[in-house]
Every structure is written in C-alpha cells, then in structure tokens.
Amino acid sequence: MADVLVSKVLEELISIVAREIEQEVRLVVGVKKEVQMLTTKFQFIKAVLVDAENRQVKDDAIKLWMQKLKNISYDMDDVLDEWTTAIQKSQIMGDERVWVKGRDQEQKAIVEKLLTGSSQTPSLHIISIVGMGGIGKTTLAKLVYNDDEVKTHFETRIWVCVSDPFDEIKIAKAILESLTNEAPNLHELQTILQNIRKSLEGKKFLLILDDLWEENSEKWVQLKNCLKCGSPGSRILVTTRKEIVASAIGCIDIHKKGQLSAEDSWFLFSQIAFLGWSSGEREPLEDIGKKIVSRCKGLPLAVKTLGSLLVTKKSKSEWQTIMDSEVWELENAEVYIFPHLWLSYNDLSPPLRQCFSYCAIFPKDHLMEKQKLIELWMAHGYIKETTKRDMERIGEEYFQNLASRSFFQDINMVDDFYDISYTCKMHNIVHDFAQYIRRDECFSMEVSSSVESSIESVSNEARYSRIVLAGKGSLPGYFYDAKKLRGLIAQFEGGFVATAVLSSFFNELTCLRSLDLSNCDIEEIPPTISQLIHLRQLDLSSNDHLKSLPETLCELYNLQALDVYDCYNLAKLPDGVGKLRSILSWGSRKSEPSSRIAYVIGPRKCGRHG
C-alpha cells in the first residue's frame, strides 16, 4: 500500500516540474528547489520500500515508520492535488494578476476613498466606477471588496448584482439575504427595508451594487434612505456603464475606468495567447498579434477572449483570418459591442455554440453548477446520444473548452461534505451576448404584486424560459402560448405552489425536456406529470414539504436526471422507479461521476446516491 502511495506522489512531483518546463508555469521562488528535493527524497524512499515491506513483519520500528510514511503520503497527495488543481484553474482562467496588471494604483485610490473622506458626516457616501462594458469594472470592484484593509475596516460587506431592470424589492431582498444568510420570505418593500434597518443600525458597512443601469433617481430614494441607518463611514460602491446613472443616485466620487494601455494590453494578450509556446512559434506571429490587440481598444475582456481563442492556433493564416474578419467592420449597434465574442463564438463547433448560448436562460451573475449544466446540455440533445458515461465525459470536455475561451469565469470548487461540485459565472457582457444569440427563443418573466412583467405576450416559437412569481402575482394566461417550451426554470416565492399551477404546466407544456422546480415550496406533484414524455431532467431539490412522488413519474422513460436533494420529508422514491432505466443504469455519484438521482431519505442528509 505504501509503495502505491509513494509512487503516486512521486509521479505528481515529477509532473509539476515537467509542467513548469513545458507550459511555462512559474513556481514561487524557492518552491522549485523544494519540489526537486522532495522528488529526490521520495525516489530514495521508493528504492528502499521493497525491503522495508518485508522487514516490517518482524521489526516494530520499521512497521511504525511505514505507517507514518503512508499517512504522510496521503497528506502529500492531497496537497499536490490542490496544487495541480490551482495550476489548472490558473491556466483556464488566466492569471488574475495579469488581468489587473497595471491597475494597482486604481485599486489603492478607491480603497483610500472608502476608508477616508467624509467619515464624520452621517450622510451616505456613494462612489461609482464608470466605464464601458468589458473594461474591468467588476474585476476592480472585486479586488476592492476583498482588500484586507477593507475587510478590517467595515463590520459588514454586501455584494449585490443589480443589472436591468431596476427592481427595488429584488435588490432589497438580496441585501437582506446577504445580511441574514437566508432567503427572506417577504414581499412588501417597506417590510424588507425595516428588516434591513434592524440589521444595519449603527454598523459601518460597505455595499457594492454591481452593474447598475437605472437613470431615474426616484426609484432609488426609498432604498437610499433606508441605507442611511448605518454608522458614519459606511460606503456604497457602484459599478455602471453610464455616468448619468452615477449622477442620478447621488455619487460623491466618480472613478472613470480607462482602457488598458497598449503595453498592458499586449502583455495580457501574450500571457494568454502564447501560453506553452516556444519562442520559435511565437516570434513569427507577434507583429500580427499586436495588430489584433489594437482592435480590442484596451478592453480587458476583448483581449482575454481573443488570447484564449488564438492560443490553439499556430499558423499565420489562422491569425490573419481573425485580423481580416468582417466582424470588426460591422456597424450594427448590437453586433458592434461583441466583435471579439463573435469571433470566438464562430470558432466553436455547433454543439458547443448551443451549450454556450443555452446559458442565456439564467439571470445575470447567476452561479451555475457545472454538473447541472452538463445535465441540461444532455437533456436538450446538445451532446450526442451515446453511453451515459461517455455523454458526461463529453460534457466535461465542452465545459472546459468554453471555460478556456473565457465564456465562463469565477470557477470554484465547493465541498459541502456530502459532495464536491464546481460552480461558475458568466461575465455580464458575455451574458448579454448569449441573450443576443438566443433573443428569438429565450425569454424571462418576473411577476409580483408590485412589479408586473414588462412582457405583454410571448412567442409561440419560444423554446426556453425562466419565470419568477412572487407575492400575490399570478402568471398571465398568454404565458401558455409558448406551448413549445423545451426548458423551464420556475421560481415561486411567498407561499406554497398550488397543485393547479403545476397541473397547468404539465397539461400545457408537454414539450418540456428540462424542468427546474427547485426551492418552490411544493407540497405535491400532480400525477399528470406523466404527460411530460420528453422530459430528461427534473429538479425538485430543496422542497422541504414534499412528502411523496406519484407513481406516474415512473412513466417518464426518457428521464436522465432526477434531483430531490434536500427534500427532507421525502420518505422514499416511487415503487416503480426501476422503470427509469436511463437513470438507474448509472453508478453512484460518489464513486462514479455519472449518477443522476440525487436524494435525501428521512430527516437527515444522506448524501447523493444512485
């Protein structure tokens, strides 16, 4: 056993050194020598292990040494796995230090404004970062938000993605949720604001409102007045593309975010585009590369996207094709915003284009779980039908491909003790682009007692939708005109979902392939769910009051993924679950990454099982 562990650790150590040479991964000063020293020691240990394995039977000292070696090897394996994961993430996402290179002074300037200034006056101090889309406003705000001095200075820090349209209730609920660490079951603005006051009263807080668009100052008044309850020195930091928005909300300081310099743009691009290249491969393409970078106009997102696109292309003709593309000359206002994304998107295979653009169904700044994303791609046929394990492997490759091209960002590993998962987000501009691609087939509808949906009708050709129903709002009848919907994400807030509403879904939307009803306070699933014969993915997770599932659910023979995770009162699955062969032919989630039933039995968490 020890021999196997030592061999594995030795392979990882050798791999790290090799990766530094082949892919230009730079280890921290002094670490390279440490790795080489450990490699030498483990090679020596491996050489004497065979004799030690035999002698431990009679020699207690050697037996103890072998036990310690085994434990150390396990620990080393964990550390090295974390290390290689960090290296992989750095390669996929680009070195974060490169992405903000040259912007240290900007960060320091904003931090200084947050920590000093009008700290003795009770009026709220608002600072804005203003700049065009893709310029790096959110990245700069994140650096400030995570600055050590900022963390120490403020008692409470809150981050809210606002986007368009401006919804006071939604923003207020997001603030309250951040303060209380739980989703508030409240729907009246005044009630939510009262709770915010109680949580912030007398505290020095920092609130970051990312991606603000609303120019009407009147819509901001109630929330702004509520936030004056904090102690002197509290701050609000806003990111927006329009200076008029900053003025409308009463900013005291406006920081205009400028473009990267030509030097910094080239540095960022070359660090990504030439990753792992030899000098002989790189030199012939540098001149044309600088011309391409000049077309990015100093936008970090554009530079990063094109660098990610060109890293796999090593011929001058391929680079010249990017340089000469007609996309750069398009005058259509919407297309003009995304030339770098169009180039990268057009380079994708058709299935990858579908996988990327499907993400338009999610709201901005949505935290997407990689495994569920792959399940959804499978459900909608973006991954060619084959064995389930192969489909999931292909989905993993698709995800890595899109991440490497900067379509996904903020990739993080989440370990909740029962399972390990990966999450990611999309940059706001990238999300805008995905919505533009799917503009004719994807729509969102948010309806509450105070804010009605701006949509007056839906196309009967729509294929994907996300609906949010809050308070005393009700779905308009014309929603069911979209009878060809293939994917639906439903969010119901403020009370149990009536069985009649679910019956309407099942009766009217019979083309659904994926249905997300997670966290909707569902008590009962109507037996008419059997009408969803095309359904591949069903998410019922986090419905605490769901006690049973109808036997008719087992007639969904195409179902590939059923998630009832965190349904604490769900005692068991239907007796006929054996009919769901597309699920049960897969292994357990822990041992094989292809199990597609996630559930909880009884009142305690039992993990995810197949």
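Notes on the structure in this doc start here. Computed from a prediction, not measured in an experiment: that's the story for all the values here.

### Let's talk about the overall build of the protein
Reasoning step 1: A count of helices and strands for the protein gives 24 helices and 15 strands.
Reasoning step 2: Expressed as a percentage of its 610 residues, the buried residues of the protein come to 51%.
Reasoning step 3: Accessible area for the protein stands at about 28,900 Å²; split by element, carbon and sulfur atoms hold 50% of it.

### Things to note about the sheet that holds strand 4 (residues 235–240)
Reasoning step 1: With parallel pairing, 5 strands are arranged side by side in an open sheet as 2-3-4-1-5. Across the chains shown, the open sheet's two edge strands, defined by having one partner strand only, are strand 2 (156–161) and strand 5 (253–256). Strand after strand, the sheet turns through a mean of 15° between neighbouring axes, direction not considered.
Reasoning step 2: In this sheet, strand 4 lies alongside strand 3 (residues 205–212) in parallel orientation, the contact comprising 5 bridges. Across the sheet, the residue bridging to Leu212 is Thr240, located in strand 4.
Reasoning step 3: Along the sheet, helix 5 (residues 104–115) makes contact with strand 1 (125–130), strand 3, strand 4 and strand 5, crossing strand 1 at roughly 165°.

### Side note on unusual backbone geometry
Reasoning step 1: In this structure, Lys297 takes a positive phi of about 55° despite not being glycine.
Reasoning step 2: Along the chain, Lys297 falls in the loop between helix 14 (286–294) and helix 15 (300–310).
Reasoning step 3: Its identity as a non-glycine residue notwithstanding, Asp410 has a phi of 55°, on the positive side.
Reasoning step 4: Within the secondary structure layout, Asp410 lies in strand 7 (residues 409–415).

### So, the packing of aromatic side chains
Reasoning step 1: Taken as a whole, this structure holds 23 aromatic pairs when the rule is applied.
Reasoning step 2: Both rings, one in Trp342 and one in Tyr345, keep their centres 6.0 Å apart while their planes meet at 85°; by these two values the pair is edge-to-face. Taken together, the residues Trp342 and Tyr345, both in helix 18 (residues 339–346) and 3 residues apart, mark about one turn of the helix. There is no split in this pair, since Trp342 and Tyr345 are both buried.
Reasoning step 3: Both rings, one in Phe443 and one in Phe479, keep their centres 6.3 Å apart while their planes meet at 65°; by these two values the pair is edge-to-face.

### A closer look at helix 20 (residues 370–379)
Reasoning step 1: Across the 10 residues that make up helix 20, a large majority, 9, are buried.
Reasoning step 2: Residues of helix 20 that are buried: Lys370, Gln371, Leu373, Ile374, Glu375, Leu376, Trp377, Met378 and Ala379.
Reasoning step 3: Directly beyond the C-terminal end of helix 20, a positive phi value near 75° is found at Gly381.

Conventions used here
Residues numbered from 1 in each chain as written. Predicted model: local features only at pLDDT ≥ 70, side-chain atom pairs only at ≥ 80, totals over all residues. Heavy atoms only, no water. Helix = DSSP H or I, 4+ residues; strand = E, 2+ residues; numbered from the N terminus. Buried < 20%, exposed > 50% of the residue type's maximum accessible area, 1.4 Å probe, protein only. Areas by Shrake-Rupley, 256 points an atom, 1.4 Å probe, with all protein chains shown as cover. Pairing = 2+ DSSP bridges. Axes fitted to C-alpha atoms, helices over the stretch in contact; angles between N-to-C directions. Contact = heavy atoms within 4.5 Å. Phe/Tyr/Trp six-rings, centres within 6.5 Å; stacked < 30°, edge-to-face > 60°.

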